[in-house]
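# Chains, contacts and geometry: an overview
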Amino acid sequence: MNFKELTPSPLYGLVLAGGRSTRMGTAKEELRWHGKQQQYAMADLLSKFCGAVSISCRPDQLDKISKGYAALPDAFPGMGPVGGILSAFQSREATAWLVVACDLPLLDGKALDFLVRSRDPEKTATVYESPADGGPEPLAAIWEPKSFPMLSDFLKTGSRSPRKFLMSNDVLLLKPENPEVLRNVNTPEEAEEIRQIIENSW
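All residue numbers refer to position in the chain's written sequence, counted from 1. Where totals are concerned, whole chains, interfaces and linings use all residues; where local detail is concerned, this predicted model gives features only for residues with pLDDT of at least 70, and gives and counts side-chain atom pairs only at 80 or more. Hydrogens are left out, water is left out, and the side-chain values use all remaining heavy atoms of the structure.

### Looking at the packing of helix α2 (residues 81-91) against helix α4 (residues 147-154)
α4 packs onto α2 with a crossing angle of 140 degrees between their chain directions and a minimal axis gap of 10 Å. As summarised for this structure, α2 and α4 are arranged oblique, according to the angle between their axes. Seen along the crossing, α2 lies across α4 with a hand that is left-handed. Of the residues in α4, those in contact with Val-82, Ile-85, Leu-86, Phe-89 and Gln-90 of α2 are Ser-147, Phe-148, Leu-151 and Ser-152. The nonpolar class holds Ala, Val, Leu, Ile, Met, Phe, Trp, Tyr, Cys and Pro. Asp, Glu, Lys and Arg form the charged class, and all remaining residues, Gly among them, are polar. Its residues placed into classes, the contact of α2 with α4 shows six nonpolar, three polar and no charged. Interaxial angle, 0 to 180 degrees, is taken between N-to-C directions of lines fitted to C-alpha atoms, where a helix line uses only the stretch in contact. To qualify as a helix, a DSSP run of H or I must reach at least 4 residues; to qualify as a strand, a run of E must reach at least 2; elements of each kind are numbered from the N terminus. Each angle gets one of four labels, with under 35 degrees taken as roughly parallel, over 145 as roughly antiparallel, 65 to 115 as roughly perpendicular, and the rest as oblique. Two helices cross in a left-handed way if the nearer one is turned anticlockwise from the farther one by less than a right angle. They cross in a right-handed way if the turn is clockwise. In what follows, a contact means two residues having at least one pair of non-hydrogen atoms within 4.5 Å.

### So, α2
Throughout, exposure labels follow a simple rule: accessible area from a 1.4 Å probe, protein chains only, divided by the maximum for the residue type, with under 20% read as buried, over 50% as exposed, and the rest as partly exposed. The buried fraction of α2 amounts to eight of the eleven residues, a majority that puts the element mostly inside the structure. Within the sequence span of α2, burial applies to Val-82, Gly-83, Gly-84, Ile-85, Leu-86, Ser-87, Ala-88 and Phe-89.

### Observations concerning helix α1 (residues 38-46)
Taken across its nine residues, α1 has eight buried, putting it largely inside the fold. Of all the residues in α1, the buried ones are Gln-38, Gln-39, Tyr-40, Ala-41, Met-42, Ala-43, Leu-45 and Leu-46. Check the buried side of α1 and you find it contacts β1 (11-16), β2 (53-57), β4 (96-101) and α3 (109-118).

### Digging into the pairing of strand β5 (residues 125-129)
By the criterion of burial, β5 is predominantly enclosed, with five of the five residues buried. In this scheme, strands are said to pair when DSSP sees at least two bridges between them. Across five bridges, the pairing between β5 and strand β6 (residues 136-143) is antiparallel. Counted as the bridge partner of Tyr-128 is Glu-137 from β6. The sheet contact formed by β5 and strand β7 (residues 171-174) spans four bridges and is parallel. Pairing of Tyr-128 across the sheet is with Leu-174, part of β7.

### Focus: the pattern of salt bridges
Throughout this description, the term salt bridge denotes a Lys or Arg side-chain nitrogen within 4 Å of a carboxyl oxygen of Asp or Glu. Tallied over the entire structure, the rule returns eleven salt bridges. For Glu-129, the salt bridge goes to Lys-175, with nearest N and O atoms at 2.8 Å. Residue Glu-129 is located in strand β5, and its partner Lys-175 is located in the loop between β7 and α6 (188-199); the two are separated by 46 residues in the primary sequence. The exposure class of Glu-129 is buried, given its relative accessible area of 17%.

### Considerations on the sheet that holds β1
With mixed pairing, seven strands are arranged side by side in an open sheet as β3-β2-β1-β4-β6-β5-β7. Each of the sheet's edge strands pairs with one partner strand only, and the pair in question is β3 (70-73) and β7. Direction aside, neighbouring strands of the sheet carry axes that sit 30 degrees apart on average. Across the sheet, α1 lies against β1, β2 and β4, angled at about 165 degrees from β1, the strand it touches most. Across the sheet, α3 is in contact with β1, β4, β5, β6 and β7; its angle to β5 comes to roughly 140 degrees.

### With respect to the environment of Glu-122
Topologically, Glu-122 is positioned in the loop between α3 and β5. Residue classification places Glu-122 among the partly exposed residues on the basis of a relative accessible area of 31%. In the structure, Glu-122 is positioned 49 residues away from Val-171 in sequence and 8.8 Å away in space, judged by C-alpha atoms.

This is the structure we're talking about:
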């Protein structure tokens, strides 16, 4: 039987919300773009496509996460997004993870639906192509279980970049229908630009 004919691994969602937000000057996960904190808005969106959703956070953020949401404290502190991804696999290594960053306020259900429908479990990951340079966007991607041991080995090279990992492995790269959905927010100026887009009937 061809692997593609097998039942894919269950798909869970992971919202990465453990960054320090140093350039923003305020916690990005707590910004309100769609009527609630972005970490919760994104978790609600992922719940439409995933069996369960967790918010990846630093241990010191645990008390701030609403009881209505599952929190996944980082077991690999100081490693950035790759630490959150590894923590997710450590909690459920036979699960595929739909990983999104909390600073993508324009990412919508249509973009996630296309990502999920295009998923190829034979690949290490199914990932959107960055409109900036054509490389993989690791924080809008489905990471398959097979990537867990490979990512662990990759860290031994000294790199902590999930993007570099994806660039060196077999991934399905998708062009976003609307590249705007992958715009992230790192500074107050970028936040104001995004707010204007949303207010103007995004």
